[in-house]
Amino acid sequence: MGVEIRVEGLTKAFGSQTIWQDVSLTIPSGEISVLLGPSGTGKSVFLKSLVGLLKPNRGHIWIGDRDLPYLSEGQLYETRKLFGVLFQDGALFGSMNLFDNIAFPLREHTKKSESEIKRIVMEKMDLVGLVGAEGKLPGEISGGMKKRAGLARALVLDPEILLIDEPDSGLDPVRTSFLNQVFVDLNAQINATFLIVTHDINTARTLPDNIGLLFRRELVMFGPREMLLSSEEPVVRQFLNASKIGPIGMSEEKDISELEAEANMGLEAGKLPPIPPQQMPSNGLIRPTQHAPGAWCAAHGVTPPPGSFIDELGRNWVEEWPRYVASMSAVAGQHAGPPPGPGPQGPGPQAGPPMGGPQGGRPQPPGARY
Ligand SMILES: Nc1ncnc2c1ncn2[C@@H]1O[C@H](COP(=O)(O)OP(=O)(O)OP(=O)(O)O)[C@@H](O)[C@H]1O
Ligand SMILES: [Mg+2]
């Protein structure tokens, strides 16, 4: 059931270049979190620090009772087995076919027999919709298939924590939507803790339970999706609405004269757009870490922007949610799971209704593979 990651006062510099400083956040276990930030703000460096590939200059990364930066090599090796990582470039071995690529961590880190390895590899290939492509080389498949092969490889050791760096870079919007569906379905099945770095604003708005934003060498905010999507904080608001108006400029930060010119022209950020419904599993499950839509806003006295939580069929998911949970429970013989109590960032994530989800309260069949 996933593992919580607690980061305290983390600082990373390369020589005199501070990448980020005093980063503190708790990534809740079993939930999907997304990390955003302009290019070069250190998102990949952050993921690499979490898995112990880069050593921070200061601070702590608690994985259970283990403080990652201060572990011995042996302890770090053991702790790394909790992680599955999908690097920004996929990092597949070009001369190995997909089967061997995906089997690699099992052959490297376990003493499993080849028949057992085959069973696991085929199971993970099935999970990401790659059955039939075992014999292909990375150079013979599409970008989307490479991402899914990288994901299958990240999954073979049954990770408690999945770190995924820009799964959507180089993918068209349709494939990005399908890949996001794979993440949601996967999270519902394996309940691992997901941290996904993305530049895709639609993904950030619809996929996660929590959102974090790195800017100007700091973590500007981290918390439940509804908290950030209803936030008036200028950087958060500009980034999550992909707006030109605000403190972020082409070279990361606008200078004073640019901001003054903006103010003089009377330019100001528009109204916050509606909070969209959260993407739901297509496989008839409800993720154990999901909360009811609008729950965070209600608990914090925040009025969500008009039109929030309404899907493309006009259904208001604040109202639909209890019915949906009841019908899903009846069908799947499960329940939505207890909402976790208030955590360090608030009461935790909020539930999400489906994007193109079940009709008439019936579970939707598994999403199409591409
Ligand atoms: N091993 C390294 N040694 C020195 N500097 C590094 C190293 N790795 C990254 N950097 C620097 O750290 C900064 C942040 O890099 P990082 O790759 O984490 O950015 P990012 O937020 O992931 O960007 P993008 O969105 O473009 O992927 C950059 O200035 C980069 O040059
Ligand atoms: Mg990066």
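Look up a bit, the structure's there.
Residues numbered from 1 in each chain as written. Chains lettered and ligands numbered in written order. Predicted model: local features only at pLDDT ≥ 70, side-chain atom pairs only at ≥ 80, totals over all residues.

## With respect to helix H1 (residues 43-50)
Operational definition: Neighbour counting defines burial: a residue surrounded by 20 or more other C-beta atoms within 10 Å of its own C-beta is buried, one with 12 or fewer is exposed, and intermediate counts give partly exposed, using backbone-placed C-beta atoms. Here a strand is any run of E in DSSP of at least two residues, a helix any run of H or I of at least four, and the numbering for each starts at the N terminus. Regarding the arc, it is the one traced by the directions from the helix axis to the C-beta atoms. We call two residues in contact if the C-beta atoms placed from their backbones are at most 7 Å apart.
Taken residue by residue, H1 has Lys-43, Phe-46, Leu-47, Ser-49 and Leu-50 as its buried positions. Here the buried residues of H1 occupy an arc of 160° about the axis, which is enough to place them on one side. Looking at the buried residues of H1, the elements they touch are strand E1 (5-14), strand E3 (32-36), strand E4 (58-63), strand E7 (161-165), strand E8 (193-197) and strand E9 (210-215). Remark: Gly-52 follows H1 within two positions and exhibits a positive phi of approximately 85°.

## Some remarks on the nonpolar core
What counts is decided by this rule: Nonpolar cores are identified as sets of buried Ala, Val, Leu, Ile, Met, Phe, Trp, Tyr and Cys residues joined via C-beta atoms within 7 Å.
Among the nonpolar cores identified, the biggest contains 87 residues, and Ile-102, Ala-152, Leu-163, Phe-183 and Leu-213 are the most heavily contacted of them. It is helix H5 (residues 143-155) that contributes the most residues to this core, six residues altogether. The contacts of Leu-213, once residues within four sequence positions are left out, are Leu-36, Gly-37, Val-220, Met-221, Val-235, Val-236 and Phe-239.

## Brief notes about unusual backbone geometry
Positive phi, normally seen in glycine, also occurs at Asn-191, with a value near 55°. Here Asn-191 is to be found in the loop between helix H6 (173-190) and E8. Its 18 C-beta neighbours within 10 Å are what place Asn-191 among the partly exposed residues. For Phe-309, which is not glycine, the phi dihedral falls at a positive 65°.

## Quick look at the site of ligand 1
To keep it simple, the criterion reads: What makes a residue near a molecule or strand is its C-beta atom, placed from the backbone, lying within 6 Å of it. When residue character is reported, Ala, Val, Leu, Ile, Met, Phe, Trp, Tyr, Cys and Pro are called nonpolar, Asp, Glu, Lys and Arg charged, and the others, Gly included, polar.
Surrounding ligand 1, one finds Phe-14, Ile-19, Gly-37, Ser-39, Gly-40, Thr-41, Gly-42, Lys-43, Ser-44, Val-45 and Gln-88. Among the elements that line the shell around ligand 1, the one with the most residues is H1, at three residues. A per-class count over the shell around ligand 1 returns three nonpolar, seven polar and one charged.

## Points about the sheet that holds E1
Spelled out, the test is: Two strands form a pair only when DSSP identifies at least two bridges running between them. Axis lines are fitted through C-alpha atoms, for helices just across the contact stretch, and the angle between N-to-C directions can take any value from 0 to 180 degrees.
With respect to topology, four strands assemble into an open sheet ordered E2-E1-E4-E5, the strand pairing being antiparallel. This sheet does not close on itself; its edge strands, each paired only once, are strand E2 (17-27) and strand E5 (66-67). In this structure, E1 lies alongside E4, joined through five bridges in antiparallel fashion. Considered in E4, the bridge of Glu-8 is made with His-60. Packing of H1 onto the sheet brings it into contact with E1, E2 and E4, and relative to E1 it is tilted by some 120°.

## A look at the sheet that holds E7
With mixed pairing, six strands are arranged side by side in an open sheet as E6-E7-E8-E3-E9-E10. Edge strands, defined here as strands with exactly one partner in the open sheet, are strand E6 (83-86) and strand E10 (218-224). Ignoring which end each strand starts from, the neighbouring axes of this sheet average 15° apart. Two elements, E3 and E9, share four bridges in a ladder whose sense is parallel. If you follow Leu-36 over to E9, its bridge partner there is Leu-213. Seen against the sheet, H1 touches E3, E7, E8 and E9 and runs at an angle of roughly 155° to E7. H5 contacts E6 and E7 of the sheet and is inclined by roughly 165° relative to E6.

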